[in-house]
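An overview of the molecular structure
The lines below spell out each chain.
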Amino acid sequence: MTTFDEILEEAGKFGPYQRRIFAMLCLSSIPFAGVYVGIVFQGFTPDHWCRDSAVVEMRQTCSWSLADSRRLTVPVVNVSGGLQQSSCEQYDVDWNTTTLGCDTQELDLSITPTTACKDGWEYDYKGRQSFVTEFDLVCSDAWLVDMYQATLNVGYLVGSIAIGYLADRFGRKMSFLMSNVMNGIAGILVAVAPNYVSLLVFRTLYGFGVKGGWMSGYVLITEIVGVEYRRTVGVIYQMFFSIGILFLPLLAYFITDWRWLQVVITVPYILFLSYYWFIPESPRWLLSQKKKSKAVEITEAMAKENKMTLSKNIETLRDDNAESCTASFMDLIRTPKMRKHTFILSYNWFTSAVVYQGLIMRLGILGGNVYVDFLVSGLVEFPAALLILVTIERFGRRIPFASANIVAGAACFITAFIPDSMFWFKTAVACIGRLGITMAFEMVVFVNTELYPTFVRNLGVSVCSTLCDVGGIVAPFLLYRLAVIWLELPLIIFGFLAFVAGGLVLLLPETKGVPLPETIDDIEFPETVKEKAALRSQQLADLLPNDSISTNKEPAAV
């Protein structure tokens, strides 16, 4: 019997066939960025103040500036130790009954009573429109902006589980395509939502399909390449998300209406439906479903495009996981080391999501040029993939993983206490934090797979990564509500979370050069793995002089 990994030796582990499919699937990571952090632009909250219809009419009649009419409308209040014009209160004056002319320079309103905004708000947004300005989600309704991101992550949470099941039941290719059908429909519905309640409902459906489809693409590409290429293609697949991060501020700058920006982000998902004719089903999945003939057909096409020749071993192709055990959630927590791994990895998924999303969304509330700030911070994500690929083979997994979290935490703490007058220094330190958490986020994916035995590996990654979506639900509330108290307070929380995550990673075992565990005993008693390997090597050495048949076998097959 021949496994698919053995056949890949003949068909090509990462030839033109796999590179073509890899390039196509990487494109699906680009719009994912627009969905994931598009709130920075679609939900941007510009400078705003109470609207007084009478003052607006007087401004037009008397040719007042915005500053003049704003002075007559809103009081000056103390915010975080400084004086600024209120965004949520106005003077309680009926301007329609006053006999004042256009000259109001001498008017003293300091003792005038105030009240909450009555006629809505005016926005200093220069012809642009976000859903915040369209639905007036400011002041007492500002918390509803948090729901825009939270509902997306609820969709991620449910969708990743549901579509993960569908991918195992109906195939990677079909789940990828069906996800894109849902993405196209839900994305357009978000763009035409008539009110904010329907917007949140459609946004949840959007999240349901987007992450599940992205995961299906990730699984598909890692299943058709050789084992030694899986980590590299996985990291690069995630790197294309960073390319999407760079495209997003450029699109948002030229597309001034959040609804049209939503349409542009959604269009690629509709185009991805054409992949039906260009990408194959996973041969590994086909073998697991006893569809050997179709798996052989795809493998032969792979070998042909790669200009490789298959031997008769293809006739004995079988599912290399056919005899695996059935996994359950209790397997993840029943024994001490498995329980420790599950807790630490789950916490790291949670922390990566909170800090990563928090740092990105924070750009929208800093008051600078959000387009330039977003672009600059996005550029620092690219070295992350290179640093991972260079350091994990030299220093192992644990030290780079822990260091990335600790650097991110330290950068958050330091940034919080750097004065605004040192703008470029503060920006540079913040970018280092962004680089660190990006590395941590990308590393938790494959470290997770290396710390669970084969039969429970997929379940372990699925369970732990659900904390990523929980973190995404929490992140907007942590950021936006705490920033009201003190703008830098969220950074203190992010720094604490990342420091703890880095410390916990140091409690994990090093996996560099260690064979992937096959059983729970391999996790609980790691020394037995080395003993087994040594025993098998000794048995092979004892057999070779006496067994001529053994001399024809590859060591990997023993």
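Going by what an unreviewed UniProt entry lists, the protein is known as Solute carrier family 22 member 3 and is assigned to Perca fluviatilis. According to the UniProt record, the Sequence similarities (unreviewed entry) comment for the protein reads "Belongs to the major facilitator (TC 2.A.1) superfamily. Organic cation transporter (TC 2.A.1.19) family."

**Regarding the pattern of salt bridges**
If you walk through the whole model with that rule in mind, you get 21 salt bridges. Of the charged contacts, one joins Arg70 and Asp47 as a salt bridge, the two residues approaching to 3.0 Å between their closest N and O atoms. One end of the pair, Arg70, is in helix α6 (residues 66–73); the other, Asp47, is in strand β1 (residues 47–50), with 23 residues separating them in the sequence. By relative accessible area, which is 37% here, Asp47 ends up partly exposed. Residue Lys294 pairs with Glu297 through a salt bridge whose shortest N-O separation is 3.6 Å. Here the residue Lys294 and the residue Glu297 both occupy positions in helix α14 (residues 292–305), the gap between them amounting to three residues, near one helical turn. With relative accessibility at 46%, the residue Glu297 sits in the partly exposed group. One continuous salt-bridge network, built from bridges that share partners, spans Arg231, Glu393, Arg397 and Glu450.

**Regarding empty space enclosed by the protein**
Scanning all chains against the criterion turns up four cavities of 30 Å³ or more. Quantified by volume, the largest cavity comes out at close to 70 Å³. Secondary-structure elements contributing two or more residues to the lining of the largest cavity are α4 (39–42) and α12 (258–271). In the lining of the largest cavity, the residues fall into seven nonpolar, three polar and two charged. Those elements giving two or more residues to the lining of the second largest cavity turn out to be α9 (172–191) and α10 (196–223). Per-class residue counts for the lining of the second largest cavity are five nonpolar, four polar and no charged.

**A closer look at the packing of α9 against α10**
At a closest axis distance of 8 Å, the pairing of α9 and α10 adopts a crossing angle of 155°. With respect to α10, the element α9 is oriented roughly antiparallel. Here α9 runs over α10; the crossing is left-handed.

**Some details on a nonpolar patch on the surface**
Together, Tyr165, Leu166, Phe170, Met174, Met178, Val181, Ile185, Ile188, Leu189, Val192 and Ile270 give the surface a local cluster of nonpolar side chains, amounting to about 970 Å² of exposed area. At six residues, the largest contribution of residues to the nonpolar patch is made by α9. Relative to the assigned elements, Leu166 resides in helix α8 (residues 143–170). For Leu166, a relative accessible area of 34% translates into the label partly exposed.

Cut-offs applied
Residues numbered from 1 in each chain as written. Predicted model: local features only at pLDDT ≥ 70, side-chain atom pairs only at ≥ 80, totals over all residues. Heavy atoms only, no water. UniProt positions renumbered as here; feature names shortened; annotations may be inferred. Salt bridge = Lys/Arg side-chain N within 4 Å of Asp/Glu carboxyl O. Helix = DSSP H or I, 4+ residues; strand = E, 2+ residues; numbered from the N terminus. Buried < 20%, exposed > 50% of the residue type's maximum accessible area, 1.4 Å probe, protein only. 1 Å grid on protein atoms, 1.4 Å probe; cavity = no way out; pocket = protein on both sides within 12 Å on 5 of 7 lines; lining within 4 Å. Points joined across faces, edges and corners; volume = space filled by probe spheres on them. Nonpolar A, V, L, I, M, F, W, Y, C, P; charged D, E, K, R; others polar. Axes fitted to C-alpha atoms, helices over the stretch in contact; angles between N-to-C directions. Parallel < 35°, antiparallel > 145°, perpendicular 65-115°, else oblique. Left-handed = near helix turned anticlockwise from the far one by under 90°. Patch = residues over 30% accessible without salt bridge, like charges linked within 9 Å, V, L, I, M, F, W, Y side chains within 5 Å. Areas by Shrake-Rupley, 256 points an atom, 1.4 Å probe, with all protein chains shown as cover.

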